[in-house]
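Listed here are the chains, written in short residue letters.
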Amino acid sequence: MRGELSEVAIAYLGPPGTFTEEALRGSMQRIVGDDVAVLELAMASERDIVEAVAEGRARYGVMAIENALEGGVAATLDALAELADRVAIKLEVVHPISHCLVSRTALPLAEVTRVYSHPLATAQCGKFLRRMLPAAERVHCASTAEAVRTVVASTQPWAALGSELAAERYGATILARDVADHPDNETRFVWVEPRAEHQPAANGNEVKTSVVFWGGGDEQPGWLVSVLGEFASRGINLTRIESRPRRIGLGHYMFFCDLEGSPRERRVADALAALTGRVEELRVLGSYPVLRTRAAE
C-alpha cells in the first residue's frame, strides 16, 4: 500500500485563478511528478514569490517573465537579478493566454462603467477596450484574479479581464472570450528554485540560459556591441535582450539576455567566461529546458 504523499509548497502570483496558476497546473507534473501533494501559496507580488523561495518558505516559485504582446515583466526581472545568488530558473513554460471579459451577472457591454484588471492584461486587450468599451474607466489590480474577485463582489455594472479559470472559481459570467489584441497571445512563465539546488540543463533542443550583466565600461562607445560579440563570435543565438535601469543614475542599465544552449556546452561556458572580463557584474539566472503548454480546458 502506498504511504502518504509528501508535500511541496509552490508560490505563485495570486489570488487563485490567475494565469500564473493556470501555467503552474499545466506544468507541475514536469517538476514534482504524481506522487507529491502540492501546496499552492498565493502571493501578492513577483518579489514575494522570489523571496519565498530564497527564504525556504516555498520549494518552488512560478511567475511571468515575458508576454508576447507587452514584453518583459519588470518586477520579475528585477527580483531575479537582485536575488540571483539565492534562486535560479529551473524551467520555462510558454503558456497561451486567453483573456475573457467577465462580470457578476450578464449585462450589455454598453452598460459597463469600469473594467478592472492587471495593467499588462489591460494593455494586451487595448484594441478591444477602445472599440467595445470606449467610455468605461480602466482600473488596475494586482492580478487578473483579483480583478475578477472585485467585480463579482460588487453590484455595480463593472467588468474584469481575466482567465476562464478565475470566472469559474469566483462564479462570474463571461461576457466575451478571446478579447486580446492578437490571437497568438502567449506568456513565458518561469519556475524558480533555490540556487543551491540548481543544476544547469543538459545541452539540447529547447534549452536556454538566462544572464544579466552590467557595468565595466557601459559609458564607452561600442561597449555593448563588444560584450554581445562574445556570443556572436561563437555562433550562440540570443533569443532575447532587454535593459532595465540599475537605479544608480540615468544612463546606467542592467542587460538581460536569453541565449540558446547550456553552460555544459563548451562554447557557452567560454562565452560566459569571456564576459566576466568585459563587465562589472555577470549573474547567471539559470539554465533550463522549455515546456509548451495549452490553455486550461
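What you see is a predicted model; the values in this text were computed from it and never measured.

## Regarding the pattern of salt bridges
- All told, the structure shown has 27 salt bridges when counted by the stated rule.
- Arg 278 is paired through a salt bridge with Glu 230; the nearest N and O atoms lie 2.6 Å apart. A residue pair is termed long-range when its members are at least 10 positions apart, and Arg 278 in the loop between helix 9 (266-275) and strand 15 (281-292) and Glu 230 in helix 8 (residues 223-232) qualify at 48 residues.
- Here Arg 278 falls in the partly exposed class, since its relative accessible area comes to 35%.

## Description of the environment of Ala 180
- On the secondary structure map, Ala 180 appears in the loop between strand 10 (173-176) and strand 11 (186-194).
- A relative accessible area of 19% means that Ala 180 is categorised as buried.
- Each C-alpha atom, one on Ala 180 and one on Pro 134, is 15 Å from the other, the two residues being 46 residues apart in sequence.
- Excluding residues within four positions of it along the chain, Ala 180 makes contact with His 99, Gln 124, Cys 125 and Asn 185.

## Thoughts on the packing of aromatic side chains
- According to the stated counting rule, one finds 5 aromatic pairs in the structure shown.
- Arranged with centres 5.8 Å apart and planes meeting at 75 degrees, the rings of Tyr 60 and Trp 191 form a pair that is edge-to-face. Here the residue Tyr 60 occupies a position in strand 3 (residues 60-67), and Trp 191 occupies one in strand 11, the gap between them amounting to 131 residues. For the pair shown, Tyr 60 and Trp 191 are each scored as buried.
- A centroid spacing of 5.9 Å and a plane angle of 55 degrees characterise the contact between Trp 223 and Phe 255, whose relative ring orientation is tilted.

How each quantity is defined
Throughout this document, residue positions are counted from 1 along each chain, in the order its sequence is written. Only residues with pLDDT of at least 70 get local features here, since the model is predicted, and only at 80 or more are side-chain atom pairs given and counted; chain-wide, interface and lining totals rely on the full set of residues. Side-chain calculation: all heavy atoms of the structure are included, whereas hydrogens and water are not. Any Lys or Arg side-chain nitrogen found within 4 Å of a carboxyl oxygen on Asp or Glu counts as a salt bridge. What counts as a helix is a DSSP run of H or I of at least four residues, what counts as a strand is a run of E of at least two, and both are numbered from the N terminus. Exposure classes here rest on a 1.4 Å probe applied to the protein chains alone. A residue is buried below 20% of its type maximum, exposed above 50%, and partly exposed in between. Contacts were defined at the residue level, with two residues in contact if any of their heavy atoms lie within 4.5 Å. Each aromatic pair joins two rings of Phe, Tyr and Trp (for Trp, the six-membered one) with centres within 6.5 Å, and gets the label stacked for planes under 30 degrees apart, edge-to-face for over 60, and tilted for any other angle.

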